[in-house]
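Residue-level structure breakdown
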Amino acid sequence: MVRFEVDRQGETARAWGTVRGHLRESAGARLFDQWLKPMELIDDGGSDTIRLALPSAFMTNWVRNHYADRLAAEFRAILPDVRGVSIETRRAAAPALTAPTVLSVANSGAPVAAKPTAAAERPPLDTRFTFDRFVVDGSNKVAFNAAKALAEPGAPRFSPLFLHSGTGQGKTHLMHAVGHAYLAAVPDARVILMSAERFMFEFVSAMRAKDTHSFKMRLRSADLLMIDDLQFIAGKDATQEEFFHTINEVMAANQRLVVCADRCPQGLDGVEARITSRLSVGLVADIKAPDLSLRLAILKRKLVDMPGASVPAEVLDLLAGRITQSIRDLEGALGRIVAYAQLTGESVDLDFAVATLGDVLRGAERRVTIDEIQKAVSAHFELKPVDLVSARRAVVVARPRQIAMYLAKRLTTRSLPEIGRKFGGRDHSTVIHAVRRIESLRDTDREIDGAVRTLLRELEG
Ligand SMILES: Nc1ncnc2c1ncn2[C@@H]1O[C@H](COP(=O)(O)OP(=O)(O)OP(=O)(O)O)[C@@H](O)[C@H]1O
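This structure is a prediction, so every number in the text was calculated from the model and none was measured. (Residues numbered from 1 in each chain as written. Predicted model: local features only at pLDDT ≥ 70, side-chain atom pairs only at ≥ 80, totals over all residues. Heavy atoms only, no water.)

Let's shift gears to the overall build of the chain. Counting its regular elements, the chain contains 19 helices and 10 strands. The 461 residues of the chain split such that 52% are buried. Sequence-distant contacts in the chain: of pairs separated by 6 or more residues, those separated by 24 or more amount to 73%. As displayed, the chain offers around 20900 Å² of accessible surface, 52% of which is attributable to carbon and sulfur atoms. (Helix = DSSP H or I, 4+ residues; strand = E, 2+ residues; numbered from the N terminus. Buried < 20%, exposed > 50% of the residue type's maximum accessible area, 1.4 Å probe, protein only. Contact = heavy atoms within 4.5 Å. Areas by Shrake-Rupley, 256 points an atom, 1.4 Å probe, with all protein chains shown as cover.)

Okay, the site of the ligand next. In the region of the ligand, 21 residues are neighbours, and Thr167, Gly168, Thr172, His173 and Glu331 sit closest. The contact in question runs from an oxygen atom of the ligand to an N or O atom on the backbone of Gln169, over 3.1 Å. Residue Gly170 places a main-chain N or O atom 3.1 Å away from an oxygen atom belonging to the ligand. When the ligand is considered free in solution it has 630 Å² of accessible area, and contact with the protein chains removes 97% of it. The set of elements that each furnish at least two residues to the shell around the ligand consists of helix H5 (171-185), helix H10 (292-304) and helix H12 (327-344). For the shell around the ligand, the residue count by class is five nonpolar, nine polar and seven charged. (Near = heavy atom within 4 Å. Polar contact = N/O pair within 3.5 Å; in protein donor to acceptor, adjacent residues only side chain to side chain. Nonpolar A, V, L, I, M, F, W, Y, C, P; charged D, E, K, R; others polar.)

This next bit is on the confidence of the model for the chain. With 88% of its residues at a pLDDT of at least 70, the chain reaches an overall mean of 84. Taken together, the stretch residues 93-121 has pLDDT below 50 and engages in 59 contacts with residues farther than four places along the chain or on a different chain. Interface predicted TM-score (ipTM) for the complex: 0.99; the corresponding pTM is 0.61. (pLDDT = per-residue confidence, 0-100.)

With that settled, the discussion passes to the UniProt feature "binding site: ATP" (unreviewed entry) in the chain. With numbering aligned to this structure, UniProt lists the feature "binding site: ATP" (unreviewed entry) at Gly168, Gly170, Lys171 and Thr172. Relative to the assigned elements, Lys171 resides in helix H5. Residue classification places Lys171 among the buried positions, given a relative accessible area of 8%. Excluding residues within four positions of it along the chain, Lys171 makes contact with Leu163, His164, Ser165, Gly166, Cys260, Ala261 and Ile287. (UniProt positions renumbered as here; feature names shortened; annotations may be inferred.)

Turning our attention to the pattern of salt bridges. The tally for this structure, following the rule as stated, stands at 23 salt bridges. In this structure, Lys288 and Asp286 form a salt bridge, with 3.5 Å as the shortest nitrogen-oxygen distance. We note a salt bridge from Glu418 to Arg414, for which the minimum N-O separation is 3.2 Å. Salt bridges sharing partners connect three or more residues here, namely Asp126, Arg128, Lys302 and Glu331. (Salt bridge = Lys/Arg side-chain N within 4 Å of Asp/Glu carboxyl O.)

This next bit is on helix H14 (residues 370-380). Every buried residue of H14 is accounted for by Ile370, Ile373, Gln374, Ala376, Val377 and Ser378. Residues of H14 that are buried in the fold lie against helix H15 (385-389), helix H16 (395-411), helix H17 (416-422) and helix H19 (446-460). Immediately beyond the C-terminal end of H14, within one or two residues, lies Glu382, with a positive phi of roughly 55°.

A separate point is the environment of Ala13. On the secondary structure map, Ala13 appears in helix H1 (residues 8-27). Along the backbone, Ala13 and Leu41 are 28 residues apart, and their C-alpha atoms lie at a distance of 7.5 Å.

We now examine the packing of helix H7 (residues 212-220) against helix H8 (residues 237-252). Direction vectors running N to C along H7 and H8 enclose 40°, while the axes themselves pass 9 Å from each other. Comparing the axis directions of H7 and H8 gives the class oblique. In the crossing of H7 with H8, the sense of the turn from one axis to the other is right-handed. Residues Phe215, Lys216, Leu219 and Arg220 of H7 form the contact with H8, whose own contacting residues are Glu242, His245, Thr246, Glu249 and Val250. For the contact of H7 with H8, a count of residues per class yields three nonpolar, two polar and four charged. (Axes fitted to C-alpha atoms, helices over the stretch in contact; angles between N-to-C directions. Parallel < 35°, antiparallel > 145°, perpendicular 65-115°, else oblique. Left-handed = near helix turned anticlockwise from the far one by under 90°.)

Running from N to C, H14 and H16 cross one another at 145°; their axes reach a closest spacing of 9 Å. Regarding H14 and H16, the two cross each other, and that crossing is right-handed. Judged by residue contacts, Ile370, Ile373 and Val377 of H14 engage Pro400, Ala404, Leu407, Ala408 and Leu411 from H16. In terms of residue class, the contact of H14 with H16 is built from eight nonpolar, no polar and no charged.

Approximately 600 Å³ is the volume attributed to the second largest pocket. In terms of lining residues, the second largest pocket is bounded by 26 residues, among which Ala68, Asp69, Arg128, Arg133 and Asp305 are the most central. Looking at the lining of the second largest pocket, the elements that each hand over two or more residues are helix H3 (57-78), strand S3 (84-89), H10 and H12. Residue classes in the lining of the second largest pocket are distributed as 11 nonpolar, five polar and 10 charged. (1 Å grid on protein atoms, 1.4 Å probe; cavity = no way out; pocket = protein on both sides within 12 Å on 5 of 7 lines; lining within 4 Å. Points joined across faces, edges and corners; volume = space filled by probe spheres on them.)

Let us now look at the pairing of strand S6 (residues 161-165). S6 sits mainly inside the fold: five of its five residues count as buried. Of the two faces of S6, the one lined by Leu161, Leu163 and Ser165 and the one lined by Phe162 and His164 are each fully buried. Two strands pair when backbone bridges link them, and S6 and strand S9 (residues 256-261) are joined in this way by four bridges, in the parallel orientation. In the sheet register, Leu163 faces S9, and the bridge partner there is Cys260. As defined by bridge partners, S6 adjoins strand S10 (residues 283-287) across five bridges and the pair is classed as parallel. When the bridges of S10 are listed, Ser165 appears paired with Ile287. (Pairing = 2+ DSSP bridges.)

This is the structure:
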């Protein structure tokens, strides 16, 4: 029986309730009331960075300096796919077009809808993703140097910068670092960072509201425009049309453009050639899978930002030796060990690490990606992979799509919203529905059960 996550927003709010409880206990009433109680959760619907807001910059700085790592570790102990915690200043201002709904969490831990804040008007840069926290070696040196060069003020030496790599290998980190560095050099620069999925969502919303003009003006006037996960627009014709005009104008105006994807431009099936060729005229840099020494160096660097954490070298060797592909997974494992050690008061040794991470270490030997699942499922049902992310509802496409979502939930650590995004921007509730449907069909329909078994065998190797 597959267990699935419940609604990610509710999950985040509940985790926040638990984290607040721990903070109240450990910090003591005075400190908690003064610094931590005014903090609110901003939940913009399934993002893997938890956003917390405080009423003043002074308080924000204090909490960042004293509690940032603790908060990240606490959240990751409950929600392992959390990427980080961003601590922001809440400002009373007019709501932005794209402002997220703010969920403030009352003492009971129940989420309460509140007004949007101005935080959404600033690029959502993760404070941890800076150049000085990025460990460089031969596998990522070109990407790192290119990102640094693009962040220098003055006329850009090249643009666009196209970064590509496997999942969890540092593209988003570098993109955020460009944003931080450029804003530090040019504080009033207009910097926009969004995923390709968000680009599509905002564009479609603007079309519905019959106001594409503001959307176009906003993007095209960016001094630095950064688009993550470009592969998402594969097969989305109207979005591609708009994206093409956006990048054309940004490039014609000599503004900076950074684009990330999981493949090189020419490998982006389903993305128009005129887009991929425009994106190839600047600098295309890949980040290769990290080798053992880089994995170890990154773990050591991450430890520097976890004051008080003590993890012996043999445990770092174990993690770096076993978790080989995604640095996100590696970092998640380290965060989990440190958080458990802090919560239980035990010291970290090999036994503790194996007991804490048993599943992760076993599962790390072979990690299936959603792309692989989509390829296997579409081949099995003689469809094109793009059918699985399309809007087609015919049962010949919809059922394989549900099977693929079910396998994604079962074989990967991706959250429901992430899976939904990988399937053409579908909602997490669609994924829950697909998982339940396939679970129940497996009990009653031998053909479906057979197909799932075959695919599981194939994917799990
Ligand atoms: N060279 C590095 N030095 C330090 N940290 C790194 C490095 N590479 C990756 N990381 C860390 O690994 C985590 C995942 O990186 P990131 O989110 O940038 O990956 P990604 O390539 O954008 O993944 P995806 O394609 O899944 O979006 C981040 O926490 C990031 O800080």
